[in-house]
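Chain by chain, the residues:
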Amino acid sequence: MSGAVLTTRDSSGPPIDMTGVLPERLAEGGREALAGLMLLRGRERHRLDTLFTLEDGGPTGALVLRPGGAVLDGVGTGMTAGDIRVEGDCGACAGSGMRGGALTVEGNCGAFAAAEMAGGSLRVAGDAGNFLGAPLAGGTRGMSGGSVVVAGDAGDRVGERMRRGLIAVHGRVGSLCGARMIAGTIVVGAGCGPDAGQAMRRGSILLSRAPEAIPSGFSDGGMNDWLFLELMRKELIDGGAWPSGFPTAGTRARRLIGDRSAGGIGEMLILSEA
Amino acid sequence: MRLNGVHIEDTFAEAFPMLGTRLVVTADTPAWVQAAVVSMTGFATSVIACGCEAAMERALPPGETPDARPGAAVLLFAMSKAELAKQVARRVGQCVMTCPGTACYAGLRDGPSIPLGNALRYFGDGWQIAKRIGGRRYWRIPVMDGEFLCEAATAAVEGVGGGNFIILAADRRAGLAAAQAAVLAIRAVPGAILPFPGGVVRSGSKIGGKYKGMIASTNTAFCPTLRTAVPASLVPEGVESILELVIDGVSEAAVAAAMRAGIAAVADLGAAGGVVSVTAGNYGGKLGRHQFRLHEVMA
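Conventions used here
Residues numbered from 1 in each chain as written. Chains lettered and ligands numbered in written order. Predicted model: local features only at pLDDT ≥ 70, side-chain atom pairs only at ≥ 80, totals over all residues. Heavy atoms only, no water. Helix = DSSP H or I, 4+ residues; strand = E, 2+ residues; numbered from the N terminus. Rg over C-alpha atoms; globule rule 2.2 N^0.38 Å. Buried < 20%, exposed > 50% of the residue type's maximum accessible area, 1.4 Å probe, protein only. Contact = heavy atoms within 4.5 Å. Areas by Shrake-Rupley, 256 points an atom, 1.4 Å probe, with all protein chains shown as cover. Buried area = accessible area lost by both parts, 1.4 Å probe. Salt bridge = Lys/Arg side-chain N within 4 Å of Asp/Glu carboxyl O. Nonpolar A, V, L, I, M, F, W, Y, C, P; charged D, E, K, R; others polar. Pairing = 2+ DSSP bridges. Phe/Tyr/Trp six-rings, centres within 6.5 Å; stacked < 30°, edge-to-face > 60°.

**Section: the overall build of chain A**
The helix and strand tally for chain A stands at three helices and 17 strands. Taking 274 residues into account, the globule formula puts the C-alpha radius of gyration at 19 Å, and chain A, at 19 Å, falls close to it. Dimensions of chain A, computed from the C-alpha atoms along their principal axes, are close to 60 × 35 × 25 Å. Residue burial in chain A is summarised as follows: out of 274 residues, 53% are buried. Across chain A, every contact between residues at least 6 apart in sequence was considered, and the portion connecting residues at least 24 apart equals 44%. Accessible surface for chain A amounts to roughly 10,500 Å². Of this, 47% is attributable to carbon and sulfur atoms.

Set out below in structure tokens:
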């Protein structure tokens, strides 16, 4: 069975909530099942085929979304398997609650991408908004599995309350990166804004350069060899998640331990100081 | 059967199932790998009294290890999962974690899980850090030279213990030369180890003994000095020295391949090298379910 290509009919108007538009549904019920889905656009509900043209195409069982100028929110929400490729930008909550499969965004994505993600992979060719891998509004746990790679920059509160998994941002991130992080790994290629790691309990934030000021709850653990970096580098290079500014050999890095003000033993590793 | 003048007895080696695992130990230099491995596999010759049987399977070049450093693959075998887990934790904790610069990884993926770093993490006293990389979990335990990196768990495989063959030689020098040739050949076989010192056993045993409580006692049938005193002696005239090679493997096939390689190396020395015959230890089917018939192994 071929995949399906969904092209937005009308790019003006309020955002379209793409919740439920998943490869699983295509696999189970074919294009008919997709066409009959009711989607929210603003306050109104519409059949999917009144908002999109549906064509065969793309890899088998995969969805290709062509948003044009329309804002698509919740792309890949709760996805468990298969592939979605977005040929353009995404709105908010791309890949939120994702449990499996692969979501590729060829443009930018909005806030709450990969929020509460539990598995699978999200690749963003452009930038990501605030709350990448964080909890959804009212939630208490951020990302708990899977991997996110952002080729551009990301906003504030990347990986907030993150518990497991990997977030790699090749560019720069905003303030409060890894705030209240419980575990997991955040990789930042081009520096981060203020208050990184605030109240983090465990987990690792790999940085290309030291924060402008060492957060008050962190102590400087000095330079050492961190063998796990060798394993991580191999893994991330294979997945395109090792930022180009990071060293490609050696395991030395400077380690900041914290946030001790929250009883945390997380770490910020400064790789460029090796 | 005769190979190069060496008589290969029509008998079988009797072996038994064991649970085994493979660990990969790495360090900064081959010398430190060796230090860790020698220590970890020390006093691991026989489950009769050591708890496990272990030895280095082969050295690993940096290109074959997870952290691109020199390393070694080690196989450990025990009689139960619980005993294997205990021995792994003790030996890695006391002999690998203590050795400067080392790291320890699982060498098997499929099978029942045996705690590795999971059993050692508490040594970190709360400062240990778990890290999942590539779908596998590791523990980073702070130690005085930095950090001990240890995979969380390894896997167990049902292997074979007690594969063996016995070299009957004209004298001790000839017997030792033949045994050493066999050891070299067997160490090139993947999935098999020789747990005894230098790979060779000179005190082969029989089940039970004259004294109450003895699990095993000297194999009187193969003691040349008792040839005329023991009615059931299996020592032919002209044999002064007998050595046994005991092989544990991750599979029947690995043990058979190791036996084949070892016996072939012995036969290469031939009768001219002082080797009279090759036989194997069997216990009338009382010891275990695996039987390796020498003629089939060498066919």
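Don't stop here, the text continues.
**Remarks on the interface of chain B and chain A**
Listed per partner, the contact involves 20 residues of chain B and 19 residues of chain A. Of the roughly 1,600 Å² buried where chain B meets chain A, counting both sides, 62% is carbon and sulfur surface. Contact with chain A buries surface across chain B, with W127(B), K131(B) and I133(B) losing the most and accounting together for 32% of the total. At the surface where chain B touches chain A, the tally comes to one salt bridge. Between R140(B) and E267(A) there is a salt bridge, and its shortest N-O distance comes to 2.5 Å. Counting residues per element, the ones that place at least two in the side of chain B that touches chain A are β6 (103-106), β8 (129-133), β9 (136-143) and β10 (146-151) of chain B. For the side of chain B that touches chain A, the per-class residue count stands at nine nonpolar, five polar and six charged.

**Considering the pairing of strand β14 (residues 204-207) of chain A**
Residue and element names in this part refer to chain A. Alternating residues of β14 divide into S204 and L206 and I205 and L207, and every residue in both groups is buried. As paired elements, strand β13 (residues 185-188) and β14 share four bridges and run parallel to each other. What sits directly across from V188, in β14, is L207. Relative to strand β17 (residues 266-270), β14 runs parallel, the two being bridged by four bridges.

**Describing the packing of aromatic side chains**
Residue and element names in this part refer to chain A. If you walk through the whole model with that rule in mind, you get three aromatic pairs over all chains. Between F112 and F131 the ring centres are 4.6 Å apart and the planes differ by 5°, which places this aromatic pair in the stacked class. Of this pair, F112 sits in the loop between β9 (102-105) and β10 (121-124) while F131 sits in the loop between β10 and β11 (144-150), placing them 19 residues apart in sequence. Taking 5.1 Å as the distance between ring centres and 80° as the angle between the ring planes, the aromatic pair formed by W242 and F246 counts as edge-to-face. Given a relative accessible area of 8%, W242 falls into the buried group. A relative accessible area of 3% means that F246 is categorised as buried.

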